[in-house]
Amino acid sequence: QVQLVESGGGLVQAGGSLRVSCVASGLTFSRYVMGWFRQAPGKEREFVAAITFSGGSTYYADSVKGRFTISRDNAKNTVYLQMNSLKPEDTAVYYCATGPRILTVDKGHYTYWGQGTQVTVSS
């Protein structure tokens, strides 16, 4: 079955950087769009970034544009989210997800989800 396993979360000070990773198995990784979402306590899960099959196109939420970078390594079945200039409001559980064949911000189009990794940014 499809499995997505995130790692790399942790505690970082505001202004710092962190990279989270997600390893996928049970699917032909290079055929799927990959996305990152996040969910803060008491809030809905929101779109962060997405990347196409080859990595040639990416899309970001306005709140992270210019600070976060999504990338993928199809040989390793892995997608990354490099997070720079982190802010306390970036604190959330970060989830990777897949399922769609086109870039979309709609979480309803993502079929498979990881268990999430906690990112905490202290002020």
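Just above sits the structure.
Summary of the structure given here. (Residues numbered from 1 in each chain as written. Predicted model: local features only at pLDDT ≥ 70, side-chain atom pairs only at ≥ 80, totals over all residues. Heavy atoms only, no water.)

## As for the packing of aromatic side chains
Logical step 1: Going through the model one piece at a time under the given rule, you end up with five aromatic pairs.
Logical step 2: On the numbers, 5.7 Å between centres and 80° between planes, the contact of F37 with F47 is edge-to-face. Of this pair, F37 sits in strand β4 (residues 34–39) while F47 sits in strand β5 (residues 46–51), and the two are 10 residues apart along the sequence. In terms of burial, F37 and F47 fall into one category: buried.
Logical step 3: Taking 4.9 Å as the distance between ring centres and 55° as the angle between the ring planes, the aromatic pair formed by F37 and W113 counts as tilted. Of the two residues, F37 sits in strand β4 while W113 sits in strand β10 (residues 112–113), which places them 76 residues apart along the sequence.
Logical step 4: Among the residues examined, F37 registers a relative accessible area of 1% and is labelled buried. (Phe/Tyr/Trp six-rings, centres within 6.5 Å; stacked < 30°, edge-to-face > 60°. Helix = DSSP H or I, 4+ residues; strand = E, 2+ residues; numbered from the N terminus. Buried < 20%, exposed > 50% of the residue type's maximum accessible area, 1.4 Å probe, protein only.)

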